[in-house]
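Overview (structure and organization)
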There are 2 protein chains.
Amino acid sequence: MTSRGAGPIYQRIADDLRARIQSGELGAGAKLPTEQALTTDFGVTRATVRQAMQVLVNEGLVVSERPRGHFVRQIERLTYRPQKEWRDRPAHPELDQFMDEQVELGRKPSQTIAVELAAPPTDVAARLGLAGTDTVVVRKRVRYLDGTPFNTNDSYFPLELVQGSEIMHPADIGRGANQVLAELGAEQTHAVDEIEVRMPTPDEASRLEIGLGVPVAMHRVTGYTDDGRPVRVVRNVLPGDRHLIAFERTRPTKTEKDDKQ
Amino acid sequence: MTSRGAGPIYQRIADDLRARIQSGELGAGAKLPTEQALTTDFGVTRATVRQAMQVLVNEGLVVSERPRGHFVRQIERLTYRPQKEWRDRPAHPELDQFMDEQVELGRKPSQTIAVELAAPPTDVAARLGLAGTDTVVVRKRVRYLDGTPFNTNDSYFPLELVQGSEIMHPADIGRGANQVLAELGAEQTHAVDEIEVRMPTPDEASRLEIGLGVPVAMHRVTGYTDDGRPVRVVRNVLPGDRHLIAFERTRPTKTEKDDKQ
DNA sequence: AAGTGGTCTAGACCACTTG
DNA sequence: AAGTGGTCTAGACCACTTG
């Protein structure tokens, strides 16, 4: 199925190295031959070898650790469960369910919190029913486990709703922002989840220390009150090499099924 | 926040073009300046300009349409609802819920089906409780809308379970493979969903006509019978530029919540 | 001090569209 | 026929680790 021996030289070099990685000859973390070695092996100039390396780096298979060389990427994914937010009450609400699960596994969590007033990004404005000229309060968090960033969690609230509340202070909210919203008369009973898969923006890449060839999942949650008013949009950015998104389903009974139709 | 004017020349050229794209000066589908034009604009060689272009291509912002030039990528995402598989009975089960929704919007669906006997990939073997030396039946489908591929759907079944059944024929199963499994005494009542975000393999890229800078979501479903036996693993590969994954939640009542704890 | 990958120049030939 | 991006050569200097 896969065409071998075809195409430009740099593709054939990339194919050769990729095969050696997938066969296990070059395992996770293994050092690849140096660019110098590859130029003599394949009888091409360094530019051509570098083009082959770029292919593998952009596939997320290889990382460059300058000036030590190129290495096979090692991936370890932690399980992220979007359903759990409302299922179980987290022991540390502000750290939330994801971090909570990791703490139990003995990892050390930490986070940074910043609060800003800003114009809403287009996707947020659309979901909160705001104009681009309105103002939103944004709580921006970066969450770390054992010192490495795992995801960002940016919550957007309409200014008029949270004005003067605890949500505007850049500190941990012990009982959680959702509880504060409820106290402000905006209890959420319903949420819409969306996941968008793309390459990170340069800002996201630097905030999350994301290398080349690693995409992100943007998990967006819009929370609604009982009467259908959107009161909160959260954007979680999850680097693809660090997360496995998981959820569960039970088959509805025949009766439920018929109800839905 | 974003460091400007820093770093290598090609990064500054990429930053400049990215800013023009994000400001809307270069809108979706717009043609970028030619490499030739950029060499004179920035006073560098073509290799440096090409390095800048590569950055934008790998971010998924720009596509090369040789030999017409480079263009700002246009994205249109269709909504994929993993929850719906069991919620509503699709009008065309084999095309499934996702396609069904698009047909209602006037799009023309089509698909290819191939059936293979193979050793299970590691992730499938682990989930079906099989050894690498066992054999699985794989139904491989590519689904198209208006002629462009939208996703692949590969279903893995233990050979001993589906041996001789309709599942082994490379044709549409009117009532759906899940129904056939139920008739074979393996009705599924529970499923685990996992989503993995990464760059496509070369095979996936060619099956789905995925360009540079476009990641995929791999949505994996493991279906279990009432007594907890895994009988089916499905791998759906969704190109990030064509899908928005959506699901909904309702907050459990206080009582339900306490039950869970 | 030696070895690594990162950046950049200068130039050549090619394949593929489009006018 | 002209213009575009794709591929490749040959060479230079650099920054950053590690022994």
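Let me sum up the structure you'll find in this document. The shown structure was predicted, so the numbers you read here are calculated from the model rather than taken from an experiment.

**Remarks on the protein's contact with DNA strand D**
As a matter of local geometry, DNA strand D sits amid 21 residues, with Ile9, Thr45 and Thr48 of chain A together with Arg46 and Arg50 of chain B nearest to it. At 2.6 Å from a phosphate oxygen of DNA strand D is found a main-chain nitrogen or oxygen belonging to Ile9 of chain A. Side-chain polar atom of Tyr10 of chain A to a phosphate oxygen of DNA strand D: 2.9 Å apart, as the coordinates give it. Of all the secondary-structure elements, those providing two or more residues to the surface near DNA strand D are helix H1 (9-22) and helix H3 (46-58) of chain A together with helix H3 (46-58) and strand S2 (69-72) of chain B. Element by element, the count of residues in the surface near DNA strand D is highest for H3 of chain A, at four residues. Residues of the surface near DNA strand D, tallied by class, amount to seven nonpolar, seven polar and seven charged.

**Some points on the pairing of strand S5 (residues 136-145) of chain A**
Residue and element names in this part refer to chain A. With nine of its 10 residues buried, S5 lies for the most part within the structure. Bridge count between strand S4 (residues 109-118) and S5: 10 bridges; the pairing is antiparallel. Bridge pairing in S5 places Gln111 opposite Arg143. Here S5 pairs with strand S6 (residues 148-158) via 10 bridges, running antiparallel. Along S6, the bridge assignment pairs Leu145 with Thr148. Connecting the antiparallel pair S5 and S6 is a turn made up of two residues, with Asp146 showing a positive phi of about 50 degrees.

**Section: the sheet that holds strand S5 (residues 136-145) of chain B**
One open sheet accounts for eight strands, arranged S3(A)-S10(A)-S7(B)-S8(B)-S9(B)-S6(B)-S5(B)-S4(B); its pairing is mixed. Each of the sheet's edge strands pairs with one partner strand only, and the pair in question is strand S3 (78-80) of chain A together with strand S4 (109-118) of chain B. Along the sheet, successive strands turn relative to each other by an average axial angle of 20 degrees, direction set aside.

**Comments concerning the pattern of salt bridges**
All names here are of chain B. A full pass over the atoms with the stated rule returns 46 salt bridges over all chains. The residue Glu35 makes a salt bridge to Arg50 at a minimum N-O spacing of 3.0 Å. Taken together, the positions of Glu35 in helix H2 (residues 35-42) and Arg50 in helix H3 put the pair 15 residues apart, joining distant regions of the chain. The exposure class assigned to Glu35 is buried, which follows from its relative accessible area of 13%. When the shortest N-O distance is used, the salt bridge between Arg207 and Asp154 registers 2.7 Å.

**Points about the protein's contact with DNA strand C**
Close to DNA strand C lie 21 residues; Arg46 and Arg50 of chain A together with Ile9, Thr45 and Thr48 of chain B are nearest. Each atom of DNA strand C within 4 Å of the protein was classed as base or backbone; sugar and phosphate made up 69%. Separating a phosphate oxygen of DNA strand C from a side-chain N or O atom of Arg50 of chain A is a distance of 2.5 Å. The side chain of Arg66 of chain A places a nitrogen or oxygen atom 2.9 Å from a base nitrogen of DNA strand C.

**Side note on the side chain of Asn58 of chain B**
Relative to the elements of secondary structure, Asn58 of chain B occurs in helix H3. Contacts of Asn58 of chain B, omitting those with residues within four sequence positions, involve Asn58 and Met199 of chain A together with Leu212 and Gly213 of chain B.

**As for the environment of Thr34 of chain B**
With respect to the helices and strands, the residue Thr34 of chain B is situated in the loop between helix H1 (9-22) and H2. Looking at Thr34 of chain B, the relative accessible area reads 40%, which means it is partly exposed.

**A closer look at the packing of H1 of chain A against H3 of chain A**
Residue and element names in this part refer to chain A. Two numbers describe how H1 lies on H3: the axes approach to 8 Å, and their chain directions differ by 50 degrees. Considering the angle they form, H1 stands oblique to H3. Helix-helix and strand crossings are classified by hand; for H1 and H3 the assignment is right-handed. In this structure, H1 uses Ile9, Tyr10, Gln11, Ile13, Ala14, Leu17 and Arg18 to contact H3, whose residues at the interface are Thr48, Gln51, Ala52, Val55 and Leu56. Along the lines of polarity and charge, the residues of the contact of H1 with H3 split into eight nonpolar, three polar and one charged.

What counts, and at which threshold
- Residues numbered from 1 in each chain as written.
- Chains lettered and ligands numbered in written order.
- Predicted model: local features only at pLDDT ≥ 70, side-chain atom pairs only at ≥ 80, totals over all residues.
- Heavy atoms only, no water.
- Near = heavy atom within 4 Å.
- Polar contact = N/O pair within 3.5 Å; in protein donor to acceptor, adjacent residues only side chain to side chain.
- Helix = DSSP H or I, 4+ residues; strand = E, 2+ residues; numbered from the N terminus.
- Nonpolar A, V, L, I, M, F, W, Y, C, P; charged D, E, K, R; others polar.
- Buried < 20%, exposed > 50% of the residue type's maximum accessible area, 1.4 Å probe, protein only.
- Pairing = 2+ DSSP bridges.
- Axes fitted to C-alpha atoms, helices over the stretch in contact; angles between N-to-C directions.
- Salt bridge = Lys/Arg side-chain N within 4 Å of Asp/Glu carboxyl O.
- Contact = heavy atoms within 4.5 Å.
- Parallel < 35°, antiparallel > 145°, perpendicular 65-115°, else oblique.
- Left-handed = near helix turned anticlockwise from the far one by under 90°.

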